[in-house]
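Coordinate analysis (summary)
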Amino acid sequence: LAGSSVTDRGLANLAALVKLRRLNLTGTAVTARGLESLGPKPVLMELYLFGTQVNLASLRGSDTLFPSAVIDTGGYRLPESPTGPLDRVTLQKP
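Residues numbered from 1 in each chain as written. Predicted model: local features only at pLDDT ≥ 70, side-chain atom pairs only at ≥ 80, totals over all residues. Heavy atoms only, no water.

Right, let's talk about the nonpolar core for a bit. Core analysis: the largest hydrophobic core is formed by 18 residues, its most contacted members being Leu11, Leu23, Leu25, Leu35, Leu47, Leu49 and Phe66. Those residues in contact with Leu35, other than ones at most four positions away along the chain, are Leu11, Leu25, Leu47, Leu49, Val54, Leu59, Leu65 and Phe66. (Core = buried A, V, L, I, M, F, W, Y, C linked by side-chain atoms within 4.5 Å. Buried < 20%, exposed > 50% of the residue type's maximum accessible area, 1.4 Å probe, protein only. Contact = heavy atoms within 4.5 Å.)

Rendered as structure tokens:
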């Protein structure tokens, strides 16, 4: 979905994909509310969020939604410093 016009409302359509393992939302307009609409994704391993409206503070609940996922920001820090453990966020160089 990277670079697509997907919105928070559109992400809700992916809620039924319980075996989703990788989700690339780079360059989309999704927000934390859209991520919440996905519902729990226990087998999601990779979540790409560079260039989205998601910030680190809004990811605090992601441990329960995406317990196995590494959240990749494409080498850039998302706005707002985290408070609490978010060691799953990677800051890989582009």
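One can find Thr28 in the loop between strand E1 (22-24) and helix H2 (32-37). Leaving out residues up to four positions away in the same chain, Thr28 has contacts with Leu1, Gly3, Ser4, Val6, Gly51, Thr52 and Gln53. (Helix = DSSP H or I, 4+ residues; strand = E, 2+ residues; numbered from the N terminus.)

Before going further, it helps to examine the environment of Arg21. Its place among the elements puts Arg21 in the loop between helix H1 (8-11) and E1. Setting aside its immediate chain neighbours within four residues, Arg21 contacts Val43, Leu44, Met45 and Glu46.

A few words on the environment of Ser62. Here Ser62 is to be found in helix H3 (residues 62-65). Along the sequence, Ser62 and Leu35 sit 27 residues apart, while their C-alpha atoms lie 8.6 Å from each other.

Moving on, we come to the pattern of salt bridges. Scanning the model with the defined rule gives 1 salt bridge in all. For Glu46, the salt bridge identified is with Arg22, shortest N-O distance 3.2 Å. Of this pair, Glu46 sits in strand E2 (residues 46-48) while Arg22 is found in strand E1, placing the two residues 24 residues apart along the sequence. (Salt bridge = Lys/Arg side-chain N within 4 Å of Asp/Glu carboxyl O.)

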